[in-house]
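Next come the chains, spelled out residue by residue.
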Amino acid sequence: MSTKTKSKKELEFDIPSKSDDSLSSGFDKNKFLDLKIIIPIIITIIVLAGLVIFLVGSKQSSTKVVPDISDVDSPIVKGVIQTTLNESEELDQNSVNLIESAIEEQNAELCEHLSKEEGEGSFNQCVFMVAKVKKDAELCESLTDLDGDYSYPHCLSELAIELQIPGLCDLIPVPTGEYSQDYCYQWYARVYQDPSYCNFIYELSGPFSQDACYMYIAEERNDIEFCENIVWETGFNSRNECYQKVAIKTSVSEHCDLITENSEYISQEFCMISINN
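Examining the overall build of the protein
At step 1: Each helix and strand counted, the protein has twelve helices and zero strands in total.
At step 2: Along the protein, helices (α) and strands (β) appear in the sequence α-α-α-α-α-α-α-α-α-α-α-α when read from the amino end.
At step 3: Burial status across the protein gives 36% buried among its 277 residues.
At step 4: The contacts in the protein between residues at least 6 apart in sequence include a share of 40% that link residues at least 24 apart.
At step 5: Summed over all atoms, the accessible surface of the protein reaches about 16,900 Å², with 55% contributed by carbon and sulfur.

In structure tokens, the structure reads:
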């Protein structure tokens, strides 16, 4: 049986067999299918990444930034300490130094010496400032006052805002009035310009009420639509006062037409004069 040997020329210009063609076309087809799958996946990932970046950026731009006061060497903390010391004119120098040390060391136990020497007021002042710098809501429980700048309710209100934990407002034992749950939720809504927290307020009218809360939000966001949530139509913290404040702040005279009240300081005429001046 003879075997046919290919010449050198045939080897150099060897034509692929039918089986070789099918393998090559199969490889190209699989490669094409892989690309059809991979490309949509890559596009989807890019779109989702862009969406996440947009949402995060939008949230950051619409929320007020609360300064970090946990760094005792920061200018903010130095200012807190100086304010505290300025308000402690009746304390002797040893007590002043003690308060300063307690704040800088974030050690509320040092404040206990003040309660014995200077009374509960100085003790509350010291603990309040340490709680703020340390951002420790549990320290607020040590405060004995339920009313005032260095009280338990005010301490929780401050930390609710700084820690962005509105639920701390519910721990305040007083529901309405100054230094109350209403007070806490109103300030939280104002700082973060979030009207949803106005609904947590018990009182419908008054300085720490739902009406006052919505008016602050409307004025700060320059959005007259929030005025529609106000229950009282006339008077202090009313819907008409809200219309007027937003109109004057935005210099939009058309908003004055919404005013139905005609009192000395709230009226369409007063609104227009204020804008034109």
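Here the narrative resumes.
Notes on the state of the cysteines
At step 1: Under the criterion given, the structure shown has six disulfides.
At step 2: Disulfide partner of Cys256: Cys271, at an S-S distance of 2.0 Å. Here Cys256 and Cys271 share a disulfide; its torsion about the S-S bond, -65°, makes the bridge left-handed. Within this pair, whereas Cys256 is found in the loop between α11 (239-250) and α12 (268-276), its partner Cys271 is found in helix α12, the two being separated by 15 residues in sequence. Side by side, Cys256 and Cys271 carry an identical accessibility label, which is buried.

Description of the pattern of salt bridges
At step 1: Within this structure, the stated rule accounts for four salt bridges.
At step 2: Glu158 is paired through a salt bridge with Lys132; the nearest N and O atoms lie 3.3 Å apart. Separated by 26 residues along the polypeptide, Glu158 in helix α8 (residues 152-162) and Lys132 in helix α6 (residues 120-134) bring together distant segments of the chain.
At step 3: With relative accessibility at 13%, the residue Lys132 sits in the buried group.
At step 4: Across the pair Lys132 and Glu162 runs a salt bridge, and its minimum N-O distance is 3.8 Å. Here Lys132, found in helix α6, pairs with Glu162, found in helix α8; they are 30 residues apart in sequence, far enough to count as distant.
At step 5: According to the relative accessible area criterion, Glu162 is buried, its value standing at 14%.
At step 6: Residues joined in a network through salt bridges with shared partners are Lys132, Glu158 and Glu162.

Digging into the side chain of Ser209
At step 1: Of note, Ser209 is situated in the loop between α9 (181-192) and α10 (210-221).
At step 2: Those residues within four positions of Ser209 in sequence are excluded, and the remaining contacts are Gln186, Ile201, Glu203 and Leu204.

Here we look at the packing of aromatic side chains
At step 1: As enumerated under the stated definition, the model contains nine aromatic pairs in all.
At step 2: On the basis of an interplanar angle of 20° and a centroid distance of 5.0 Å, the ring pair of Tyr185 and Phe200 is categorised as stacked. Note that Tyr185 is positioned in helix α9 and Phe200 in the loop between α9 and α10, a separation of 15 residues in sequence.
At step 3: Classification of Tyr185 by relative accessible area gives buried; the value is 3%.
At step 4: Since its relative accessible area comes to 45%, Phe200 is described here as partly exposed.
At step 5: Between Tyr197 and Phe200, the aromatic rings sit 5.6 Å apart at their centres with planes inclined by 25°, giving stacked as the arrangement.
At step 6: Above the ring of Trp187, the side-chain terminus of Arg190 is found at 4.5 Å from the ring centroid.

Re the confidence of the model for the protein
At step 1: Mean pLDDT over the protein stands at 77; residues scoring 70 or higher make up 65%.
At step 2: Ranking the helices and strands of the protein by mean pLDDT puts α11 first, with 97, and helix α1 (residues 8-12) last, with 38.

Looking at a negative patch on the surface
At step 1: Residues Asp145, Asp147, Asp149 and Glu178 make up a contiguous surface patch of negative charge.
At step 2: Note that Asp145 resides in the loop between α7 (137-140) and α8.

Definitions and limits used
- Residues numbered from 1 in each chain as written.
- Predicted model: local features only at pLDDT ≥ 70, side-chain atom pairs only at ≥ 80, totals over all residues.
- Heavy atoms only, no water.
- Helix = DSSP H or I, 4+ residues; strand = E, 2+ residues; numbered from the N terminus.
- Buried < 20%, exposed > 50% of the residue type's maximum accessible area, 1.4 Å probe, protein only.
- Contact = heavy atoms within 4.5 Å.
- Areas by Shrake-Rupley, 256 points an atom, 1.4 Å probe, with all protein chains shown as cover.
- Disulfide = S-S within 2.5 Å.
- Salt bridge = Lys/Arg side-chain N within 4 Å of Asp/Glu carboxyl O.
- Phe/Tyr/Trp six-rings, centres within 6.5 Å; stacked < 30°, edge-to-face > 60°.
- Lys NZ or Arg CZ within 6 Å of the ring centre and 35° of its normal.
- pLDDT = per-residue confidence, 0-100.
- Patch = residues over 30% accessible without salt bridge, like charges linked within 9 Å, V, L, I, M, F, W, Y side chains within 5 Å.
- Lys, Arg positive; Asp, Glu negative; His and termini not counted.
- Charge placed at Lys NZ, Arg CZ, Asp CG, Glu CD.

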